[in-house]
Amino acid sequence: AKRAGGNRVEPFRPAFRTAGTDRLQLETDLRRAIERKELSMVYQPIVRLADGEVAGFEALMRWDHPKRGNIPPSEFIPIAEMSDLIEPLGMFALERATTDLMEWERHTGEIPVFVAVNLSSAQLLSSELYSDIRALLGKTRCDPHRIRLELTESVVMENPEQARLLLAKLKETGISLALDDFGTGYSSLAYLTRFPFDTIKLDKALVNDRSDKRSVLLKSVISMARGLEMQVVAEGIESDADAEELAKLGCDFGQSYLFGAPLGSESIQRLLKERFPL
Ligand code: C2E
Ligand code: CA
Ligand code: CA
Ligand code: CA
């Protein structure tokens, strides 16, 4: 679809026509989901492989549809991205995550954990993202160093020049930036140096590759990241043996069901309160 001013997509969307009315219905439902409080955020721990300590959390969106129950983000995020809904949804994620982080701290005192929030390409192309984030950090009095944004390669690809400028500005505030899903698609090494990422997240497909080249691949990707002074998070680690191997190869962090499933804000608060008693 043609992009008009303000990055609004025109109402004619062939993708929806071919996918039938189900998508349209979901889009209509999604439009109301924020007001109806059907959307929420859950938080999955990102742990240091060296000692198993929680370093931060990835914020993941959940939709509890009144009739269909839980709809996974792999289904509703693409719908939001094809409509004008991704911006409000994206701001909802940022706002909830920042507010929840500050709320956890009210119960623990200052704690050294970050929250990582996923960004979509339409958000990155929005002229308001930067000022919205600044306003949010001001309002919640959240230290930008505690916020990490996760972007995939395709998100920055959409408009590399605009992305580079915006990411540089965000980085300057103290926000950290992670390149998500590394090792899928065409992962070009150029992205590692052209954009101010400080972390790369190895996709679970790469982490769990069972071919005999797996170790070689992991080893070189990790050593390259470290050479560029970037931290490495491995996603979807399935066994203690794999965690140990990754740690030996120099991978700093892991995020997978093995280390903890995503949990609601209150569960995280309890977990943090135990670990960091006032
Ligand atoms: P992602 O950013 O790569 O997030 C990691 C996904 O892997 C999450 O799925 C998480 O629950 C899942 N996961 C964690 N540990 C394991 C594991 O050990 N094994 C396996 N197989 N999976 C694991 P989830 O929550 O279903 O999210 C799917 C995708 O939806 C995310 O992939 C992200 O691309 C998108 N998404 C989720 N929340 C948001 C959001 O707030 N904004 C945006 N723009 N996208 C989001
Ligand atoms: Ca992510
Ligand atoms: Ca990922
Ligand atoms: Ca993904």
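The present account deals with the structure reproduced in this document. Counting of residues starts from 1 at the beginning of each chain's written sequence and follows it residue by residue. The order in which chains are written sets their letters, starting at A; the order in which ligands are written sets their numbers, starting at 1. Selection of residues for local features in this predicted model requires a pLDDT of at least 70, selection of side-chain atom pairs for listing and counting requires 80 or more, and totals for whole chains, interfaces and linings are taken over all residues. In computing side-chain values, all of the structure's heavy atoms are included and hydrogens and water are not.

Let us look at the overall build of the protein. Helix and strand content of the protein: 13 helices and ten strands. For the radius of gyration, the atom set is restricted to C-alpha positions; the globular benchmark scales as 2.2 Å times the number of residues to the power 0.38. Rg of the C-alpha trace for the protein: 19 Å, near the compact-globule value of 19 Å for 278 residues, within the 12% margin. In the protein, which comprises 278 residues, the share counted as buried stands at 48%. Contacts are assigned to residue pairs that have any heavy atoms within 4.5 Å of one another. Intrachain contacts of the protein at a sequence separation of at least 6 include 69% that bridge at least 24 residues. The protein chains shown are the only cover counted for residues, whose accessible areas, like all others here, come from Shrake-Rupley with a 1.4 Å probe. As presented, the protein carries roughly 14,100 Å² of accessible surface, and 52% of it is formed by carbon and sulfur atoms. Secondary structure elements follow DSSP: runs of H or I no shorter than four residues count as helices, runs of E no shorter than two count as strands, and numbering proceeds from the N terminus. Burial classes: relative accessible area under 20% of the type maximum marks a residue as buried, over 50% as exposed, and values in between as partly exposed (1.4 Å probe, protein chains only).

Backbone geometry at D181 places phi at a positive 55°, although glycine is not the residue there. Counting through the fold element by element, D181 comes out in strand 6 (residues 176–182). What makes D181 partly exposed here is its relative accessible area of 26%. Unusually for a residue other than glycine, E229 sits at a positive phi of about 60°. Along the chain, E229 turns up in the loop between helix 11 (214–227) and strand 8 (231–235). Residue class for E229 comes out exposed when judged on its relative accessible area of 73%.

Counting through the fold element by element, S265 comes out in helix 13 (residues 265–275). The residues contacting S265, other than those within four sequence positions of it, are Y43, D100 and W104.

Before going further, it helps to examine the packing of helix 2 (residues 21–33) against helix 3 (residues 73–82). In this analysis, axes come from line fits to C-alpha atoms, helices being fitted only over the stretch in contact, and the angle between any two N-to-C directions falls in the range 0 to 180 degrees. Where helix 2 meets helix 3, the closest approach of the two axes is 10 Å, and the angle between their N-to-C directions is 85°. Taken as axis vectors, helix 2 and helix 3 run roughly perpendicular relative to one another. Here helix 2 contributes R23, L26, E27 and L30 to the contact with helix 3, which in turn contributes F76, I79, A80 and M82. For the contact of helix 2 with helix 3, a count of residues per class yields six nonpolar, no polar and two charged. Note that the term roughly parallel is reserved for angles under 35 degrees, roughly antiparallel for angles over 145, roughly perpendicular for angles of 65 to 115, and oblique for everything else. Under the scheme applied, nonpolar residues are Ala, Val, Leu, Ile, Met, Phe, Trp, Tyr, Cys and Pro; charged residues are Asp, Glu, Lys and Arg; polar residues are all the others, including Gly.

For the rest of this paragraph, the subject is the layout of surface pockets. Note on definitions: the grid is 1 Å and covers protein atoms alone; a cavity is a set of points where a 1.4 Å probe fits but cannot get out; a pocket is an open set with protein on both sides within 12 Å along at least five of seven lines; lining residues have an atom within 4 Å of a point. Grid points are joined across faces, edges and corners, and a volume is the space filled by probe spheres set on the points. Considered as a void within the structure, the largest pocket measures approximately 1,100 Å³ in volume. Residues of the lining of the largest pocket, tallied by class, amount to 18 nonpolar, 13 polar and eleven charged.

So, about the coordination of the calcium ion (ligand 3). Within the protein, the atoms that donate to the calcium ion (ligand 3) are D180 (OD), D181 (OD), E235 (OE) and E235 (OE), at distances of 2.2 to 2.7 Å. Atoms of type N, O and S within 2.8 Å of a metal are treated as its donors, and for Na, K and Ca the window is 3.2 Å; water is not considered, so some sites may appear to be missing partners. Read in sequence order, the donor residues for the calcium ion (ligand 3) give the motif D-D-x53-E. A separation of 3.9 Å is found between the calcium ion (ligand 3) and the calcium ion (ligand 2), which share D180 as a coordinating residue.

Our next topic: the site of ligand 1. As a structural note, the neighbourhood of ligand 1 is formed by 19 residues, with Q44, M61, R62, S120 and Y257 the closest of them. Whenever a nitrogen or oxygen atom comes within 3.5 Å of another N or O atom, the pair is scored as a polar contact, on the condition that within protein one atom can donate a hydrogen and the other can accept it, and that pairs from neighbouring residues in sequence are kept only if both atoms are in side chains. In this structure, an oxygen atom belonging to ligand 1 sits 3.2 Å away from a side-chain N or O atom of N118. At a separation of 3.0 Å, a nitrogen atom of ligand 1 approaches a polar side-chain atom of S120. Within the complex, the protein chains bury 80% of what would otherwise be the 800 Å² of accessible surface of ligand 1. Taking a 2 Å distance to the grid points as the criterion, the majority of the atoms of ligand 1 fall inside the largest pocket. Within the residue set of the shell around ligand 1, elements represented by two or more residues are strand 1 (39–48), strand 2 (54–65), helix 3 and strand 6. For the shell around ligand 1, the element with the highest residue contribution is strand 2, accounting for four residues. Split by residue class, the shell around ligand 1 holds eight nonpolar, five polar and six charged. Being near a molecule or strand, for a residue, comes down to having at least one heavy atom within 4 Å of it. More than half of a molecule's atoms lying within 2 Å of a cavity's or pocket's grid points is what places that molecule inside it.

So, on to the packing of aromatic side chains. Classification of ring pairs rests on two measures: the distance between centres of Phe, Tyr or Trp rings, Trp counted by its six-membered ring, which must be within 6.5 Å, and the angle between planes, read as stacked under 30 degrees, edge-to-face over 60 and tilted in between. Applying the stated criterion across every chain yields a total of four aromatic pairs. Taken together, a centroid distance of 5.6 Å and an interplanar angle of 85° make the contact between W63 and F76 edge-to-face. Here F76 lies in helix 3 and W63 lies in strand 2, a separation of 13 residues in the sequence. The exposure class of W63 is buried, given its relative accessible area of 1%. Residue classification places F76 among the buried residues on the basis of a relative accessible area of 0%.

Read these as geometric descriptors, not functional statements.
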